[in-house]
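# Architecture and fold: a report
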Amino acid sequence: MTYDRKYVIASMEGDQTAFALLYDEIYSDLYRMAVYMSGNTAVAEDLVSETVLAAYQGIAGLKSPDSFEAWIFKILSTTVRRSFHRKYHSFSIYNPNAVTPDCIAQKGLDLTGNEIVKMDLLRAVAKLKHTDRLIISLCVLEGYSSREVSQILSMNAATVRSRLNRSLKKLRNELEEHGYE
């Protein structure tokens, strides 16, 4: 995530224009993460809106401009978790059992091979703990280092690396059980 630190400082002091400029710089990163976490672009837009509103309301309480990135991703993570706690009915990495192969057959849906692979992967990811899903998405998909992820999730960098390796092994084992190599 790239942003101008001076906008964070000015936003902490109540400058609305600086916050708007900061928003322009961080929106795409927040949106990309929200799309990954929700699997739905419309839901992701709502999640980012809620995140930005919460950030705007709380930025004056941010202790250090250097912790902005970890702080905003923590708000997004909390917003996503709260949102999916309320809505647990559609197929996503948070609810792998909402749509099953039996449901697909009953509805007469014809899925391509890629769609089946995607569903199997989503189900495997869904079996991981929420924090492990975040670690995988931040490290593997977004390219953050374990040190950066440790700041975002408020945990030790060695713990991040350990959980990432264990989660990737679990994914590999789960997919191998379903015939993927």
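Residues numbered from 1 in each chain as written. Predicted model: local features only at pLDDT ≥ 70, side-chain atom pairs only at ≥ 80, totals over all residues. Heavy atoms only, no water.

### With respect to the packing of aromatic side chains
Summed over all chains, the structure comprises six aromatic pairs. Taken together, a centroid distance of 5.1 Å and an interplanar angle of 65° make the contact between phenylalanine 19 and tyrosine 56 edge-to-face. Here phenylalanine 19, found in helix 2 (residues 16-38), pairs with tyrosine 56, found in helix 3 (residues 41-58); they are 37 residues apart in sequence, far enough to count as distant. Since its relative accessible area comes to 37%, tyrosine 56 is described here as partly exposed. Among the aromatic residues, ring-to-ring pairing joins Tyr3, Phe68 and Trp71 into one connected group. (Phe/Tyr/Trp six-rings, centres within 6.5 Å; stacked < 30°, edge-to-face > 60°. Helix = DSSP H or I, 4+ residues; strand = E, 2+ residues; numbered from the N terminus. Buried < 20%, exposed > 50% of the residue type's maximum accessible area, 1.4 Å probe, protein only.)

### Observations concerning the pattern of salt bridges
Under the counting rule described, the total for this entry stands at five salt bridges. One salt bridge in this structure joins lysine 6 and aspartate 4, with 3.8 Å as the shortest N-O distance. Overall, the relative accessible area of 28% leaves aspartate 4 in the partly exposed class. (Salt bridge = Lys/Arg side-chain N within 4 Å of Asp/Glu carboxyl O.)

### Looking at helix 2
For helix 2, spanning 23 residues, the distance from its first C-alpha to its last is only 29 Å, which falls clearly below the expected 33 Å at 1.5 Å a residue. The largest bend along helix 2 reaches roughly 50° and is located at isoleucine 26. Taken together, the buried positions of helix 2 are Ala18, Phe19, Leu22, Ile26, Asp29, Leu30, Met33, Ala34, Met37 and Ser38. The N-cap of helix 2, judged by a side-chain oxygen 3.0 Å from the amide nitrogen of threonine 17 a few residues on, is aspartate 15. Just past helix 2, the residue glycine 39 takes up positive phi, approximately 75°. (Expected span 1.5 Å × (residues − 1). Bend = angle between axes of the 7 residues up to and from the residue. Polar contact = N/O pair within 3.5 Å; in protein donor to acceptor, adjacent residues only side chain to side chain.)

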